[in-house]
Amino acid sequence: MFTPKNMAIMALLTAIAVLGATFISFPAGVARAYPVQHAINVLSAVLLGPGPALVIAFMTAAVRNLLGIGSLLAFPGSMIGALLAGYAYKRWQKPSFAAAGEIIGTGVIASLVSVPIANLFLGMEAAALFFMPAFLISSITGSILGVIVAIRLQKTNIFNKQKG
């Protein structure tokens with residue numbers, strides 16, 4: 001699972017997610033949308049599985065926070081979606097199911113988990129569905145991008161060698 005080759009791929013995907021967050025974002029309601037993070041969650045779920053996808057999401061959130069381009073909400077916002085994307089892909093072996101796991105994990109579950117985190121650690125008074133629209137917009141756009149890239153990668157030898 002955590003072979004040197006997989007760890008190199010994990011590092012590369014983490015770097016792409018951090019760079020993507022630096023350069024590609026847009027306002028989405030009360031938060032900013034970082035679609036590259038969600039695309040990487042789908043790709044890592046397809047390429048590596050749920051465990052590595054979770055580690056990539058955690059490392060990305062940690063680096064973004066250390067660089068000052070993320071918030072504490074990046075942790076649940078990326079990690080829950082990555083884990084569900086990995087399990088969905090593992091179960092059904094289709095990138096579209098990884099995207100569905102990402103959207104449900106981030107857009108629904110993580111948006112609800114973020115409310116008490118925002119209340120406790122960020123001093124925000126947020127209602128139960130406060131983050132859901134922004135998280136859904138971000139995860140849907142990123143997941144679509146991730147599915148497109150994953151489908152293109154599945155047609156290459158690189159993908160087949162990684163899975164084989």
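Quick note: structure is the one above.
Quick caveat, the model's predicted, so the values are computed rather than measured. (Residues numbered from 1 in each chain as written. Predicted model: local features only at pLDDT ≥ 70, side-chain atom pairs only at ≥ 80, totals over all residues. Heavy atoms only, no water.)

1. Topic: the nonpolar core
Our working rule: To form a nonpolar core, buried Ala, Val, Leu, Ile, Met, Phe, Trp, Tyr and Cys residues must be joined to one another through side-chain atoms within 4.5 Å. A simple rule labels every residue: compare its accessible area, found with a 1.4 Å probe on the protein chains alone, to the largest value its type can have, and call it buried under 20%, exposed over 50%, or partly exposed in between. For helices the rule is a DSSP run of H or I covering at least 4 residues; for strands it is a run of E covering at least 2, with both sets numbered from the N terminus onward.
By size, the foremost hydrophobic cluster in this structure holds 18 residues, and its most contacted members are Leu13, Ile40, Val42, Val46, Leu48, Ile56 and Ala98. The set of elements that each furnish at least two residues to this core consists of α1 (4–23), α2 (35–47), α4 (74–92), α5 (95–121) and α6 (132–154). Counting residues per element, this core draws most heavily on α2, at seven residues. Within the second largest apolar cluster, eight residues are counted, among which are Leu73, Ala110, Val115 and Phe131.

2. Notes on the side chain of Gln37
Basically, it comes down to this: It only takes one pair of heavy atoms within 4.5 Å for two residues to be counted as in contact.
On the secondary structure map, Gln37 appears in helix α2. Judged by its relative accessible area of 4%, Gln37 falls in the buried class. Apart from the residues within four sequence positions on either side, Gln37 is in contact with Ala17, Ala57, Thr60, Arg64 and Ser78.

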